[in-house]
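The residues making up each chain are set out below.
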Amino acid sequence: MTHSKKLKTQLEERLASLEARVAGLESDLRMAHSQDWEERASEISGDEVLEGLESSAMEEITRIRSVLKRIDDGSYGECSGCGKDIGDKRLAALPYAVLCIQCASKARS
């Protein structure tokens, strides 16, 4: 199995896991709150944590879908800034990378 195919399989599995997690979080967030003021305050606080988890999961889902699209169209591993190869070491450390080291450094400046 090539690196891209293996990565694609791993990302698809992670995507399915995240989508299931988001569905569970959304279900938890839709639950009715208690009528007791103290319990309700605690539940609202818990909802804020769940919303943060959901937001993080949704951001990762967006990044994964972007990588999968780039794998499918053959542009994965190609710098979107200069068109050169991003490099296997950078992609191993940061599979969502769309810029090579040089372009990423320029973007931070």
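Treat the numbers as computed from the prediction; the structure is a model and nothing was measured.

With that settled, the discussion passes to the overall build of the protein. Assigned secondary structure in the protein consists of four helices and zero strands. Element order for the protein, N to C, with α for helix and β for strand: α-α-α-α. Taking all 109 residues of the protein together, the buried fraction comes to 27%. Taking as baseline every contact in the protein between residues at least 6 positions apart, the subset at least 24 positions apart corresponds to 50%. For the protein, the accessible area works out to roughly 7600 Å², and carbon and sulfur atoms hold 52% of it.

Time to look at the pattern of salt bridges. Within the structure shown, the criterion is met by three salt bridges. Among the ionic pairs, Lys8 bridges to Asp72, the shortest N-O distance being 2.6 Å. Within this pair, whereas Lys8 is found in helix 1 (residues 3-30), its partner Asp72 is found in helix 2 (residues 37-73), the two being separated by 64 residues in sequence. Of the residues examined, Lys8 reaches a relative accessible area of 24% and is grouped as partly exposed. Arg65 serves as the salt-bridge partner of Glu19, at 2.6 Å between the closest nitrogen and oxygen.

Another aspect to go through is a negative patch on the surface. Negative charge collects at one region of the surface, where Asp73, Glu78, Asp85 and Asp88 lie side by side. Structurally, the position occupied by Asp85 is in the loop between helix 2 and helix 3 (88-93).

Turning next to the confidence of the model for the protein. In regions of low pLDDT, the predicted coordinates are not meant to be interpreted in detail. When pLDDT is averaged across the protein, the result is 85; 83% of the residues are at 70 or more. For the protein, the element scoring lowest by mean pLDDT is helix 2, at 83; helix 4 (residues 101-108) scores highest, at 90.

What counts, and at which threshold
Residues numbered from 1 in each chain as written. Predicted model: local features only at pLDDT ≥ 70, side-chain atom pairs only at ≥ 80, totals over all residues. Heavy atoms only, no water. Helix = DSSP H or I, 4+ residues; strand = E, 2+ residues; numbered from the N terminus. Buried < 20%, exposed > 50% of the residue type's maximum accessible area, 1.4 Å probe, protein only. Contact = heavy atoms within 4.5 Å. Areas by Shrake-Rupley, 256 points an atom, 1.4 Å probe, with all protein chains shown as cover. Salt bridge = Lys/Arg side-chain N within 4 Å of Asp/Glu carboxyl O. Patch = residues over 30% accessible without salt bridge, like charges linked within 9 Å, V, L, I, M, F, W, Y side chains within 5 Å. Lys, Arg positive; Asp, Glu negative; His and termini not counted. Charge placed at Lys NZ, Arg CZ, Asp CG, Glu CD. pLDDT = per-residue confidence, 0-100.

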